[in-house]
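# Summary of the model geometry
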Amino acid sequence: MPDSWPRRASYVAFIVAATLTAACAEKSGTHSTPPTPPQPSLIALLPDPETGITGKIQVSNEFGGLPIVTPRGATLVKPNAAPGAVTVLSEEEVARLFGAALAALPPAPTHFTLYFEFDADTLTEESSRQIAEVLAAVKRLPVPEVVVIGHTDTMGEAKANVVLGMKRAMSVRNVLVASGIAPELIQVASHGERDLLIKTRNNTPEPRNRRVEISVR
Amino acid sequence: MSGLKTCGGFLIVTLLMTTPVAAQQPTPAGHVKIVTGAAFIVRQNTTMPARPGDAVFATDTLRTQGNGTIGVTLADDTRVSLGPDSEMRLERYVFAPADGALGMVLNFVRGVAAYVSGRMAKLSPDAVRLETPAAIVGVRGTTVVIKVGA
């Protein structure tokens, strides 16, 4: 076991082979056909494609369940049986079985976090400079979307914070549009105080939670 | 009399015209980013060829044929892709953290697929469920990983 299990939340990547039996059973289409019997599933956990960190999954059905925590750890689940013992697939097996699906994964979203001057909707100087990086990330993508999400700390009412988060998000959106990003590519949302970067109790001032996150994907 | 009728007809027409505008558009669950070969979106019994940029909605099914592949990015940055001759139904998708509403059920019907979790699995691991015909897969955050690895 690696002793460096990550402490921070991270992405988990795994693949699911819903059916490994020869994919012959092209649906014959009619509604009158009785449902096909359950097919075996091979389920494997992979390291995150970007960070290399491996998360954890729990595979279960009515007959039993087991966790998988090992990179390329896999279980074959047959119909009407508990998930089979975990085996470790080789990298070659992963590529052979899942290469086509992995190749079709969209590029990882790029994230930016912008902060505001205190009590204002103007960006800090450092955050202003990041706008150019956002533009560059958008230009790299064939089918770009820009998602702008406003956040607040836990001061004040939750409802008011949704409104405040939206104000912050709109002000970033306006900066992006002024910088040349087409408005139709941009979605704006507010998570208010429900998605804290730094976990705090209610009514806690925390500058790092007063932010706007941009996801370019 | 005929004036009343005309008036009533006008009212109905007005209602018919304004209702769809007033009705709220459903928010897409995500967008298609990558398509190679034959890939389709099935929505309420209608099968449409999938193109990059297409919106995907909860209860849509993604399907590939032959050597087709498709990759989508969902609203919470989750990424899902299908290899050849594969099918996946986006059974449920709710991502509204401001309302505390989170939920994702992906039903892998056949073929091969890849999944990379996004923000939802971070915010609420229990909100994410992957289903295959033989098993259910729960995604756990890193905190739980540390416990199990110990």
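Residues numbered from 1 in each chain as written. Chains lettered and ligands numbered in written order. Predicted model: local features only at pLDDT ≥ 70, side-chain atom pairs only at ≥ 80, totals over all residues. Heavy atoms only, no water.

## Notes on the overall build of chain B
- Each helix and strand in chain B was counted, giving three helices and ten strands.
- Element order for chain B, N to C, with α for helix and β for strand: α-β-β-β-β-β-β-β-β-α-β-β-α.
- In chain B, which comprises 150 residues, the proportion classed as buried is 47%.
- If you sum the accessible surface of chain B, you get close to 7000 Å²; carbon and sulfur atoms cover 60% of it. (Helix = DSSP H or I, 4+ residues; strand = E, 2+ residues; numbered from the N terminus. Buried < 20%, exposed > 50% of the residue type's maximum accessible area, 1.4 Å probe, protein only. Areas by Shrake-Rupley, 256 points an atom, 1.4 Å probe, with all protein chains shown as cover.)

## Observations concerning the overall build of chain A
- Check the secondary structure of chain A and you find three helices and ten strands.
- For chain A, restricting intrachain contacts to residue pairs at least 6 apart in sequence, the fraction spanning at least 24 positions comes to 60%.
- Carbon and sulfur atoms make up 57% of the accessible area of chain A, which amounts to about 11500 Å² in all. (Contact = heavy atoms within 4.5 Å.)

## Side note on the environment of Val59(A)
- In this fold, Val59(A) is placed in strand β3 (residues 56–61).
- In this structure, the C-alpha to C-alpha distance between Val59(A) and Leu197(A), residues 138 residues apart in sequence, is 30 Å.
- Once you skip the residues sitting within four places of it in the chain, Val59(A) turns out to touch Ile43(A), Gly64(A), Gly65(A), Leu66(A), Ile68(A), Thr75(A), Val77(A), Pro83(A), Ala135(B), Ile136(B) and Val137(B).

## Here we look at unusual backbone geometry
Residues and elements named next belong to chain B.
- At Thr59, a residue that is not glycine, the phi angle is positive and equals roughly 80°.
- One can find Thr59 in the loop between β3 (55–56) and β4 (61–74).
- Residue Asp85 is not a glycine yet carries a positive backbone phi of 50°.
- Relative to the elements of secondary structure, Asp85 occurs in the loop between β5 (79–82) and β6 (87–96).

## A few points about the side chain of Arg63(B)
All names here are of chain B.
- Turning to its location among the elements, Arg63 is positioned in strand β4.
- Accessibility expressed as a relative area gives 19% for Arg63, which makes it buried.
- In this structure the side chain of Arg63 is engaged in a polar contact, spanning 3.2 Å, whose partner is the side chain of Glu87.
- Apart from residues no more than four positions distant in its own chain, Arg63 is found in contact with Ala38, Ala39, Phe40, Val42, Thr47, Leu82, Ser86, Glu87 and Arg110. (Polar contact = N/O pair within 3.5 Å; in protein donor to acceptor, adjacent residues only side chain to side chain.)

## Regarding the environment of Glu91(A)
- On the secondary structure map, Glu91(A) appears in helix α1 (residues 91–103).
- Taking C-alpha positions, Glu91(A) is 37 Å from Leu196(A), a pair spaced 105 residues apart along the chain.

## A word on helix α3 (residues 158–178) of chain A
Residue and element names in this part refer to chain A.
- Helix length check: α3 (21 residues) gives 30 Å between terminal C-alpha atoms against 30 Å at 1.5 Å per residue, within 8%.
- Here the buried face of α3 lies against β7 (110–115), α2 (125–140), β8 (146–151), β9 (186–192) and β10 (211–216).
- At the exit of α3 stands Gly180, carrying a positive phi of roughly 110°. (Expected span 1.5 Å × (residues − 1).)

## Some words on the pattern of salt bridges
- Scanning the entire structure with this criterion turns up 16 salt bridges over all chains.
- Its salt-bridge partner being Arg110(B), residue Glu87(B) comes within 3.5 Å of it at the nearest N-O pair. On the criterion of sequence distance, the pair formed by Glu87(B) in strand β6 and Arg110(B) in strand β7 (residues 101–110) is long-range, its members being 23 residues apart.
- The class for Glu87(B) is buried, based on a relative accessible area of 4%.
- We classify Arg110(B) as buried; its relative accessible area is 11%.
- One salt bridge connects Arg89(B) with Glu91(B), and the closest N-O pair in it is separated by 3.0 Å.
- Overall, Arg89(B) belongs to the partly exposed group, its relative accessible area being 29%.
- Via salt bridges that share partners, Glu145(A), Arg217(A), Lys33(B) and Asp77(B) belong to a single interconnected network. (Salt bridge = Lys/Arg side-chain N within 4 Å of Asp/Glu carboxyl O.)

## What about the confidence of the model for chain A?
Residues and elements named next belong to chain A.
- Model confidence for chain A is summarised by a mean pLDDT of 81, while 80% of its residues fall at 70 or above.
- Here residues 1–15 is a poorly scored stretch, pLDDT under 50, and it has 61 contacts once near neighbours within four places are set aside; other chains count.
- The low-confidence segment residues 17–32 (pLDDT under 50) makes 29 contacts with residues lying over four places distant or belonging to another chain. (pLDDT = per-residue confidence, 0-100.)

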